[in-house]
Structure formats: C-alpha cells, structure tokens
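Examining the three-dimensional arrangement
Spelled out, the chains give:
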Amino acid sequence: ALRLVLQQRAQVHLLEQAARVDDLTRLASRARFFELVGGTGRADGHEAAHAGPAVLYVDLDGFKAVNDNHGHAAGDRVLRAAAARLRTVAPPGSEWARLGGDEFVLLVDRVDSAGHAVEIARQVVAAFQEPSEINGVLNRVGASVGPVRCRGSMAVARMNTSTPSSALRSSS
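To start, this report covers the structure provided alongside it. (Residues numbered from 1 in each chain as written. Predicted model: local features only at pLDDT ≥ 70, side-chain atom pairs only at ≥ 80, totals over all residues. Heavy atoms only, no water.)

1. Observations concerning the pairing of strand E2 (residues 94-100)
Note the following rule: Relative accessible area decides the class of each residue, using a 1.4 Å probe on protein chains only: under 20% of the type maximum gives buried, over 50% gives exposed, and in between gives partly exposed. Labels follow the DSSP assignment, with helices taken as runs of H or I lasting at least four residues and strands as runs of E lasting at least two, numbered in each case from the N terminus. Two strands form a pair only when DSSP identifies at least two bridges running between them.
Burial runs high along E2: 5 of the 7 residues are buried. Here 6 bridges tie E2 to strand E3 (residues 103-111), and the two strands are oriented antiparallel to one another. Bridged to serine 94 within E3 is valine 108. Linking two consecutive strands that pair antiparallel, namely E2 and E3, is a turn of 2 residues; a positive phi of about 50 degrees is found at glycine 101 within it.

2. As for the packing of aromatic side chains
Put simply, the rule reads: The aromatic pairing rule takes the rings of Phe, Tyr and Trp, using the six-membered ring of Trp, and pairs them if the centres are within 6.5 Å, calling planes under 30 degrees apart stacked, those over 60 edge-to-face and the rest tilted.
A full pass over the atoms with the stated rule returns 1 aromatic pair. Here the aromatic rings of phenylalanine 33 and phenylalanine 34 are separated by 5.1 Å at their centres, their planes lie at 70 degrees, and the arrangement is edge-to-face.

3. Topic: the environment of phenylalanine 104
Turning to its location among the elements, phenylalanine 104 is positioned in strand E3. The spatial distance from the C-alpha of phenylalanine 104 to the C-alpha of alanine 28 is 9.7 Å, given a sequence separation of 76 residues.

4. What about helix H4 (residues 72-87)?
Rule in force here: Every helix has an expected span of 1.5 Å times one less than the residues it contains. The contact rule is simple, with two residues in contact once any of their heavy atoms fall within 4.5 Å.
Between its first and last C-alpha, H4 extends 22 Å over 16 residues, near the 22 Å set by a 1.5 Å rise per residue. Among the residues of H4, Ala74, Gly75, Val78, Leu79, Ala82, Ala83, Arg85 and Leu86 are the ones counted as buried. Those residues of H4 hidden inside the fold are in contact with strand E1 (52-61), helix H3 (63-70), E2, E3, helix H5 (114-126) and strand E4 (132-134).

5. Here we look at helix H2 (residues 30-38)
Note the cut-off: Regarding the arc, it is the one traced by the directions from the helix axis to the C-beta atoms.
Every buried residue of H2 is listed here: Phe33, Leu36 and Val37. Within H2, the buried residues cover an arc of 100 degrees as seen down the axis, which keeps them to one side.

6. Section: the pattern of salt bridges
For clarity, the cut-off: Whenever Lys or Arg places a side-chain nitrogen within 4 Å of a carboxyl oxygen from Asp or Glu, that contact is recorded as a salt bridge.
Evaluation of the coordinates by the stated rule reveals 6 salt bridges. For glutamate 35, the salt bridge identified is with arginine 20, shortest N-O distance 3.0 Å. Separated by 15 residues along the polypeptide, glutamate 35 in helix H2 and arginine 20 in the loop between helix H1 (2-19) and H2 bring together distant segments of the chain. According to the relative accessible area criterion, glutamate 35 is partly exposed, its value standing at 37%. Linked through salt bridges whose partners overlap, the residues forming this network are Arg20, Arg32 and Glu35.

7. Some thoughts on the nonpolar core
Basically, it comes down to this: Residues enter a nonpolar core if they are buried and are Ala, Val, Leu, Ile, Met, Phe, Trp, Tyr or Cys, with the set joined through side-chain atoms within 4.5 Å.
If you look at the biggest cluster of nonpolar residues, it comprises 27 residues, and the most contacted ones within it are Leu60, Trp96, Phe104, Val124 and Phe128. Listing elements by their share of this core, those giving two or more residues are E1, H3, H4, E3 and H5. With 6 residues, the top contributor of residues to this core is H4. If we ignore the near neighbours within four places in the chain, the residues touching valine 124 are Val58, Leu86, Val89, Trp96, Ala143 and Val145.

Read these as layout, nothing more, since geometry by itself doesn't imply function.
Right, here's the structure in full:
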C-alpha cells in the first residue's frame, strides 16, 4: 500500500512538472508564467524607484502564413526555432514562456528603466531579422513586442490594469 501511494505521488509530481513546461518549445507554459508573475517583486520589500520586474509580450509576425502555406508541422518547426532565438536574448534572471499559438512572454526579474525594457525588446526584434528555412524555403517570421511593467506581485500596464491577464491584454 505504501509503495502504491509513493508511486502515485511520484506520478502526480511528474504531471505537475509537465504542466509547467510547453511540450513543443520546452519553454515555461502559460500556467507556469502566471505562477511566476504572482511571485514577482523583491523579497526584501525594498524596490528602487524605477527598478523592478517587467514582462515583454511577443507575437510572431508572419507565422500564420507559414502554417497556411507549409502546414502545421512546418509551423511547429518555426515555433521551436523561435523559442531557440528567444532564449538567446533572455537576460540573466528572466524566463520565457509560451502563452499559446505564436504568443510568448518574457518575465524579466529586474529592469532599471523603461529604456532598459526597450533595449531588451529591440534585441528580441533583432533576433528575428534573419529568415527561417522551412522545407528548403526561406520564410520571414518577425516579432512584435509589447512591454508591460510589473509592480509588487502583479503585472501592471500603463492603463492601470489590476491583473496579469488584463496587463497582457493591454500589451498585446
């Protein structure tokens, strides 16, 4: 009986871990992102006037055309390649997540200014300047970035949103 309980606990733990990772891109999942956003803010309670966490919302431009012209398998390859490109521009202390489809978010542990967030956004856009090769055909998939500033334990966009979900809606 004890062995069965331990096996069940191990299986539950594996399922919980799997729910936190996007199967296709191996980035954090949407659920994991909202867990992370709920825990933003400095543990010591002292935050510099302009420093703090931020979220960058990223939507892939031209992705629908890849799916329409080359099929979903090609679209999956583009998403995996996009995740690899996004990882190259993740600052220390940050984490990428895939919300779904061609939507990604970057939770940055600390940005010192709006200019800092803009620089990260520029790096994201630059990471998509080169075309992707799919089935021997070069395809241009770009990235659009919408910033969201975080304060305390939730994302707050410029329009005084009150939840991480509404902050993401306003940034997209």
